[in-house]
Amino acid sequence: MHWTAWLFWGAILAAPAAAQEKLPYKIDAPKSKLELNVYREGAFRFLGHDHRVAAPGVSGTVQLDPASIARSSVSLRVETKSLRVLDPGVSEKDRREVQATMEGKKVLDVARYPEITFTSTGVSEVKSAGGGYELTLTGELRLHGVVKTIRLPVRLRAEGRELRVQGETLLRQTDYQMTPVRVGGGAVKVKDQLKISFEIVAVK
């Protein structure tokens, strides 16, 4: 057999072994926490209130490479219908109204865009910290039909069969063609920028 054929079959046979180096983890939704915080502004912002939204419907996988963290990857999915307005301290009626607005066409438009996804494309700036790692995930966030590349500084820690990824980031609604809600001609409105904080737990 020609030496190039040996190289070809050698590469094929070696591929499964290389793939097995990565450890697969599945995201545990009940143990995970993902929240959005939207803040009010405007001349009469004291009449409104900030909004706190939970995303219990998170799913996905983590592929961890212990030998080289930079070769690891993350894939996340959130069902937009699963998002729930918490807003402690407000009436149930107000909470339902905020929920309806959030799900409507001007904001998430859940009927048209049923999910939010994040797929990592790279891992960089990896350093050991407190028994785990601090690193930056680069990836594509698909939200409201718009796909943008974002960078997420996160903390990663393995505990037994569990993997924990924590972090937060800021996003602008208008970058994803969503309209920040305004009432009273803009006297009370929510800020364009919102904060997303998360602690994702994945199980081996």
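Numbers given for residues are sequential positions, taken from 1 along each chain in its written order. At least 70 in pLDDT is required for a residue's local features to be given in this predicted model, at least 80 for side-chain atom pairs to be given and counted, and no such filter applies to totals for whole chains, interfaces and linings, which use all residues. Hydrogens and water molecules were not included; the side-chain quantities draw on all heavy atoms of the structure.

(A) Structural detail: the overall build of the protein chain. Of the regular secondary structure elements, the protein chain holds two helices and 12 strands. Along the protein chain, helices (α) and strands (β) appear in the sequence α-β-β-β-β-β-β-α-β-β-β-β-β-β when read from the amino end. Classification of residues uses two cut-offs on accessible area relative to the type maximum, computed with a 1.4 Å probe and protein chains only: under 20% is buried, over 50% is exposed, and between them is partly exposed. Out of the 204 residues belonging to the protein chain, those deemed buried represent 38%. Only heavy atoms enter the contact rule, under which two residues are in contact if any of them lie within 4.5 Å. When contacts within the protein chain are restricted to residue pairs at least 6 apart in sequence, long-range pairs at least 24 apart make up 60% of them. Surface accessibility of the protein chain: about 12000 Å² in total, with carbon and sulfur atoms responsible for 56%. In this description a helix means any DSSP run of H or I spanning at least four residues, a strand means any run of E spanning at least two, and both kinds are numbered starting from the N terminus. The protein chains shown are the only cover counted for residues, whose accessible areas, like all others here, come from Shrake-Rupley with a 1.4 Å probe.

(B) Looking closely at empty space enclosed by the protein. Put simply, the grid is 1 Å and covers the protein atoms alone, a cavity is a trapped set of points that fit a 1.4 Å probe, a pocket is an open set with protein on both sides within 12 Å along at least five of seven lines, and lining residues have an atom within 4 Å of a point. Grid points are joined across faces, edges and corners, and a volume is the space filled by probe spheres set on the points. As enumerated under the stated definition, the model contains one cavity of 30 Å³ or more in all. Considered as a void within the structure, the largest cavity measures approximately 80 Å³ in volume. Taken together, V62, L64, I69, S72, S73, V74, V123, L135, L137, V154, L156 and V165 make up the lining of the largest cavity. Residues are grouped as follows: nonpolar covers Ala, Val, Leu, Ile, Met, Phe, Trp, Tyr, Cys and Pro; charged covers Asp, Glu, Lys and Arg; every other residue, Gly included, is treated as polar. For the lining of the largest cavity, a count of residues per class yields 10 nonpolar, two polar and no charged.

(C) Examining the pairing of strand β7 (residues 115–129) more closely. As judged from the five bridges shared by strand β5 (residues 73–79) and β7, these two strands associate in the antiparallel manner. When the sheet's bridge partners are listed, S75 is paired in β7 with T119. For β7 and strand β8 (residues 132–143), the ladder comprises 10 bridges, and the chain directions are antiparallel. Counterpart to T117 in the pairing with β8 is R142. We call two strands paired when DSSP finds no fewer than two bridges between them. Connecting β7 to the antiparallel partner β8 that follows it, the hairpin turn spans two residues, and G130 within it adopts a positive phi of roughly 55°.

(D) View of the side chain of E35. Locating E35 in the fold gives a position in strand β2 (residues 33–41). Given a relative accessible area of 10%, E35 falls into the buried group. One polar contact links E35 to R52, side chain to side chain, over a distance of 3.1 Å. Within 3.5 Å is the distance limit for a polar contact, defined as a pair of N or O atoms, with the added protein rule that one can donate a hydrogen and the other accept it, and that residues adjacent in sequence qualify only through two side-chain atoms.

(E) Fine view of the pattern of salt bridges. Salt bridge criterion: a side-chain nitrogen from Lys or Arg within 4 Å of a carboxyl oxygen from Asp or Glu. Applying the stated rule across the entire model yields 15 salt bridges. Across the pair E115 and R77 runs a salt bridge whose closest N-O atoms are separated by 2.4 Å. Taken together, the residues span a long stretch of sequence, with E115 in strand β7 and R77 in strand β5 at a distance of 38 residues. Notably, a salt bridge pairs E92 with R95, separated by 2.7 Å at the nearest N-O pair. Placement of the pair is E92 and R95 together in helix α2 (residues 92–103), with a separation of three residues, close to one helical turn. Since its relative accessible area comes to 18%, R95 is described here as buried. When salt bridges that share partners are traced, they join K31, R157, E159, E162, R164 and E199 into one network.

(F) Focus on the nonpolar core. L83, L108, L137, L141, Y176 and F198 are the most contacted members of the largest nonpolar core, which has 44 residues in total. Looking at this core, the element that brings in the most residues is strand β12 (residues 188–203), giving six residues. Ignoring sequence-local partners within four residues, the contact set of L141 consists of I116, T117, F118, V146, V147, K148, I150, L171 and Y176. To define a nonpolar core, start from buried Ala, Val, Leu, Ile, Met, Phe, Trp, Tyr and Cys residues and group those joined through side-chain atoms within 4.5 Å.

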